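Observations on chain architecture
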Amino acid sequence: MNKTIEIQITKSPVSKLAETDFDNLAFGHTLSDHLFVADYAQGEWQNPRIEPYAPLSLNPANATLHYGQSVFEGLKAYKNEAGQVLVFRPDANLRRLNESAKRMCIPELPEELFMEGLARLLEIDREWVPSKPGCSLYIRPFIFATDDFLGIRPSQKYKFMILTSPVGHYYSKPVAVKVETQYSRAIEGGTGFAKAAGNYAGSLYPALTGQKQGYDQLLWTDGKTHQYIEESGTMNVMFVINGVLITAPTTTGTILKGITRDSVLILAREMNMPVEERFLSVGELQESLEKGTLQEAFGTGTAATVAHIRLINVNGKDFELPQKPTDAFSNRVLQKLDAIKYGKEEDFRGWVYRY
Ligand SMILES: *Cc1c(COP(=O)(O)O)cnc(C)c1O
């Protein structure tokens, strides 16, 4: 970091820590005492500050409310046994936030604003990082338009905020998924690669339709032919077929470049697991399920790290997957990633930032 910034700090007069039950944390409901804020106006990011968490006052003509010019990120902080706070690859989140921002005509953030804002916020709300094994502090950076104007154009004013929320042990029950061939999440030339608000609003209806049919999540296919598997709602998706790890490439701009995805692929190569970044067709997936050559299927993302898939619906037919043995690749890589995130394994890759 080459520049430092001045951050104004206003501490909350009261803390919600005492009234927070760290043994019963439901995802996203408990917010920590403070947030980081910066404003964009007159062509620059300014006035970085930390404030007590509080409701916002918005003009009803606020551009985000009408046109969704808004992007977000998601990452986690962990506490190690020595009480240090560790954050996994925040530099990659900043890079992706700026890629998302660019696509949505939102001004990019300077590195020091993001990194120092995060560092100061974690320092002030350090007690909010759970120390129980498996627990973590979810970090939600986001940027949204704040012009009060009903015309459609890129806003001239924005806010960047970082919220944090303690989360309990995220054990994800193996999920049932459905290969979606009617609705689309993304198309080439669209915004699928961006963590942009509207992408998620658009996927709610298809996801709910799938849930009513008994499937926890959808496996999205490409928007043009619906013949190739892309990813899931908030997770990238990986398959092990005949001992080869297969996942869709991110070159088409329709798939979110997951940091967990990238980390799993790096670890897989280190573990001498054969890796193929290529599109898997729905036909090949069905054939592998029929022949029993599909050994593992799982989602990768910050929330669960690895979410095992127990059932896949393809072309209207349900296929149960074999139970994963403890030495399955998905279990081994999950263990390794957790060990790195909690600082139990030496971090020679430079993935862990300490606060
Ligand atoms: C956030 C997200 C992911 C996972 O990204 P991570 O960086 O691994 O958390 C995957 N797909 C979509 C659509 C996402 O929004």
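Residues numbered from 1 in each chain as written. Predicted model: local features only at pLDDT ≥ 70, side-chain atom pairs only at ≥ 80, totals over all residues. Heavy atoms only, no water.

**Some remarks on the overall build of the chain**
For the chain, the count of helices and strands is seven helices and 17 strands. In terms of overall dimensions, the chain is globule-like: its C-alpha atoms have a radius of gyration of 21 Å, near the 20 Å expected for 355 residues. Each principal axis of the C-alpha atoms in the chain carries an extent, and together these give about 60 × 55 × 40 Å. The 355 residues of the chain split such that 54% are buried. A separation threshold of at least 6 residues defines the contact pool for the chain, and within that pool the share at least 24 residues apart is 70%. (Helix = DSSP H or I, 4+ residues; strand = E, 2+ residues; numbered from the N terminus. Rg over C-alpha atoms; globule rule 2.2 N^0.38 Å. Buried < 20%, exposed > 50% of the residue type's maximum accessible area, 1.4 Å probe, protein only. Contact = heavy atoms within 4.5 Å.)

**Focus: the packing of helix 5 (residues 259-270) against helix 7 (residues 329-341)**
Viewed as axis vectors pointing N to C, helix 5 and helix 7 meet at an angle of 110°, and their least axial separation amounts to 10 Å. The angle between the axes of helix 5 and helix 7 places the two elements in the roughly perpendicular class. In this structure, helix 5 contributes Thr260, Ser263, Val264, Leu267 and Ala268 to the contact, and helix 7 contributes Phe329, Val333, Lys336, Leu337 and Ile340. Of the residues contributing to the contact of helix 5 with helix 7, the split by class is seven nonpolar, two polar and one charged. (Axes fitted to C-alpha atoms, helices over the stretch in contact; angles between N-to-C directions. Parallel < 35°, antiparallel > 145°, perpendicular 65-115°, else oblique. Nonpolar A, V, L, I, M, F, W, Y, C, P; charged D, E, K, R; others polar.)

**Considering the pairing of strand 12 (residues 244-247)**
Of the two faces of strand 12, both are covered, the one formed by Val244 and Ile246 as well as the one formed by Leu245 and Thr247. Pairing between strand 11 (residues 236-241) and strand 12: four bridges, direction antiparallel. Looking across to strand 12, one finds that Met238 is bridged to Thr247. In textbook terms, the turn of a hairpin is the stretch between consecutive antiparallel strands, and for strand 11 and strand 12 this stretch comprises two residues, one of which, Asn242, has a positive phi near 50°. One ladder, built from three bridges, connects strand 12 with strand 13 (residues 275-277); its direction is parallel. Paired with Thr247 across the bridge in strand 13 is Glu277. (Pairing = 2+ DSSP bridges.)

**Section: a nonpolar patch on the surface**
Taken together, the side chains of Leu56, Leu58 and Leu65 define a hydrophobic patch exposed on the protein surface, amounting to about 280 Å² of accessible area. Topologically, Leu65 is positioned in helix 1 (residues 63-67). (Patch = residues over 30% accessible without salt bridge, like charges linked within 9 Å, V, L, I, M, F, W, Y side chains within 5 Å. Areas by Shrake-Rupley, 256 points an atom, 1.4 Å probe, with all protein chains shown as cover. Salt bridge = Lys/Arg side-chain N within 4 Å of Asp/Glu carboxyl O.)

**A few points about the site of the ligand**
The full set close to the ligand counts 15 residues, and Lys195, Tyr200, Glu231, Thr260 and Thr302 are the nearest of them. With respect to the ligand, the side chain of Thr260 contributes an N or O atom lying 2.6 Å from an oxygen atom. Isolated, the ligand exposes 380 Å² of accessible area, and the fraction of that covered by the protein chains is 97%. Partitioned by chemical class, the residues of the shell around the ligand number four nonpolar, seven polar and four charged. (Near = heavy atom within 4 Å. Polar contact = N/O pair within 3.5 Å; in protein donor to acceptor, adjacent residues only side chain to side chain.)

**Re the pattern of salt bridges**
Enumeration over the complete set of coordinates arrives at 20 salt bridges. The residue Asp262 makes a salt bridge to Arg89 at a minimum N-O spacing of 3.0 Å. Taken together, the residues Asp262 in helix 5 and Arg89 in the loop between strand 6 (85-88) and helix 2 (90-103) connect sequence positions 173 residues apart. Residue Arg89 is classed as buried on the basis of its relative accessible area, which comes to 11%. Across the salt bridge formed by Glu270 and Arg349, the nearest N and O atoms sit 2.8 Å from each other. Within this pair, whereas Glu270 is found in helix 5, its partner Arg349 is found in the loop between helix 7 and strand 17 (352-354), the two being separated by 79 residues in sequence. On the accessibility criterion, Arg349 (17% relative accessible area) is buried. Salt bridges here are not isolated pairs; linked through shared partners, they connect Asp39, Arg49, Glu51 and Lys159.

**Re the nonpolar core**
Of all hydrophobic cores here, the largest spans 36 residues; its most connected members are Phe36, Trp45, Leu109, Ile143 and Phe160. Elements with a minimum of two residues in this core: strand 2 (34-41), strand 3 (44-52), strand 5 (75-79), strand 6, helix 2, helix 3 (111-124), strand 7 (136-145) and strand 8 (158-167). With seven residues, helix 3 is the single largest residue contributor to this core. Setting aside residues no more than four positions away along its own chain, Leu109 makes contact with Trp45, Leu94, Leu97, Asn98, Phe114, Ile143 and Phe160. (Core = buried A, V, L, I, M, F, W, Y, C linked by side-chain atoms within 4.5 Å.)

**Looking at the side chain of Asp147**
Mapped onto the elements, Asp147 comes out in the loop between strand 7 and strand 8. If near-sequence neighbours (up to four positions away) are discounted, Asp147 is found in contact with Ala61, Asn62, Ala63, Arg153, Pro154, Ser155, Gln156 and Lys157.

**Examining the domain arrangement of the chain**
Here the domain parsing of the chain yields domain 1 (8-168) and domain 2 (175-325). Centre-to-centre, using C-alpha coordinates, domain 1 lies 28 Å away from domain 2. At the junction of the two partners, domain 1 supplies 18 residues and domain 2 supplies 18 residues. Summed over both sides, the interface between domain 1 and domain 2 buries roughly 1500 Å², with carbon and sulfur atoms accounting for 59% of that surface. Of all residues in domain 1, Phe72, Arg96 and Arg103 bury the most surface against domain 2, accounting for 39% of the area lost on that side. Applying the counting rule to domain 1 against domain 2 returns two salt bridges. Residue Lys257 pairs with Glu99 through a salt bridge whose shortest N-O separation is 3.7 Å. Where domain 1 packs against domain 2, one counts ten residue pairs in polar contact (both at pLDDT 80 or more). Within the residue set of the side of domain 1 that touches domain 2, elements represented by two or more residues are strand 4 (70-72), strand 5 and helix 2. For the side of domain 1 that touches domain 2, the residue count by class is seven nonpolar, five polar and six charged. (Domains from an automatic or database assignment. Buried area = accessible area lost by both parts, 1.4 Å probe.)

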